[in-house]
Amino acid sequence: SSNIKGNMSEVVSRRPARRDFTRVAKTDEKPAEAPSAENEVRVTAGRSQRMYISYAINVLTGAEGKTKQDSVVLSGMGAAAYNAVNIAEIVKRRVKGLHQTTEISSQVLRDEYEAVEQGKPNVVHERKVAVISIVLSTKQLDAKHIGYQAPLPDDQVTEQEEGERPERQPRGDR
């Protein structure tokens, strides 16, 4: 047990039942995150990958009013790590000469739950989630980095012109 915000709290390995506990809104845990740089893309699991792909390509090419950047950083936590990898692979096939470095780590997230019944201690659920960070760059990156990948051969890249959408391939018997 630990003392959080003056209330007694118990750390548990599983999320508590909703009928017994409600999640406490996080207000004073961290200061508001600083706005990210234009070349940083925080991928979520719930949004369309197409939006992230377009944004990353626009940042790398300077299209649609974006300042042309040498690199873009895609990051995702938990289920969004899968999306970040997919987005990176598609962008690499739309912009020629992209070097890539990938880093994988984990982060512990703490969720606090308040007991519905008065007198019961609050519960803190800690969970470890995977975090991925992928840097795509038009400039050479550290080739000795453990997660380094050289650019794809030009014949595997179909450059996308400004405002153009790549042709969609038909999928099976839909």
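Above this note sits the structure.
This report concerns the structure included in the present document. All of these numbers come straight from a predicted model, not from anything done at the bench.

## Focus: the pairing of strand β7 (residues 122-137)
Successive residues of a regular strand alternate their side chains across the two faces of the sheet.
Now for step 1: Across seven bridges, strand β5 (residues 71-77) lies against β7 in antiparallel orientation. Directly across from Val 72, in β7, lies its bridge partner Leu 136.
Now for step 2: Two elements, strand β6 (residues 99-115) and β7, share 15 bridges in a ladder whose sense is antiparallel. Along β7, the bridge assignment pairs Glu 112 with Val 124.
Now for step 3: Taken together, β6 and the strand that follows it, β7, pair antiparallel across an intervening segment of six residues, in which Gly 119 is found at a positive phi of about 90°.

## A few points about the packing of helix α1 (residues 49-61) against helix α2 (residues 80-92)
Now for step 1: Contact geometry for α1 and α2: axes closest at 10 Å, N-to-C directions at 45°. Accordingly, the angle class assigned to the pair α1 and α2 is oblique. The element α1 and its partner α2 pack so that their crossing is right-handed. Taking contact as the criterion, the partners of Gln 49, Tyr 52, Ile 53, Ala 56, Ile 57 and Leu 60 in α1 are, on α2, Asn 83, Asn 86, Ile 87, Ile 90 and Val 91.
Now for step 2: Looking at the contact of α1 with α2 residue by residue, the classes come out as eight nonpolar, three polar and no charged.

## Notes on the pairing of β5
Now for step 1: As defined by bridge partners, strand β4 (residues 40-43) adjoins β5 across four bridges and the pair is classed as parallel. Residue Glu 40 lies in a different strand from β5, and its bridge partner there is Val 73.

## Description of α2
Now for step 1: Along its 13 residues, α2 runs 18 Å from first to last C-alpha, staying within 8% of the 18 Å computed at 1.5 Å per residue.
Now for step 2: Considered for burial, the residues of α2 that qualify are Ala 80, Ala 81, Asn 83, Ala 84, Ile 87, Ala 88, Val 91 and Lys 92. End-on, the buried residues of α2 take up no more than an arc of 165°, which puts them together on one face.
Now for step 3: Buried residues belonging to α2 abut β4, α1, β5, β6, β7 and β8 (148-149).

Reading guide: rules and limits
- Residues numbered from 1 in each chain as written.
- Predicted model: local features only at pLDDT ≥ 70, side-chain atom pairs only at ≥ 80, totals over all residues.
- Heavy atoms only, no water.
- Pairing = 2+ DSSP bridges.
- Helix = DSSP H or I, 4+ residues; strand = E, 2+ residues; numbered from the N terminus.
- Axes fitted to C-alpha atoms, helices over the stretch in contact; angles between N-to-C directions.
- Parallel < 35°, antiparallel > 145°, perpendicular 65-115°, else oblique.
- Left-handed = near helix turned anticlockwise from the far one by under 90°.
- Contact = heavy atoms within 4.5 Å.
- Nonpolar A, V, L, I, M, F, W, Y, C, P; charged D, E, K, R; others polar.
- Expected span 1.5 Å × (residues − 1).
- Buried < 20%, exposed > 50% of the residue type's maximum accessible area, 1.4 Å probe, protein only.
- Arc of directions from axis to C-beta.

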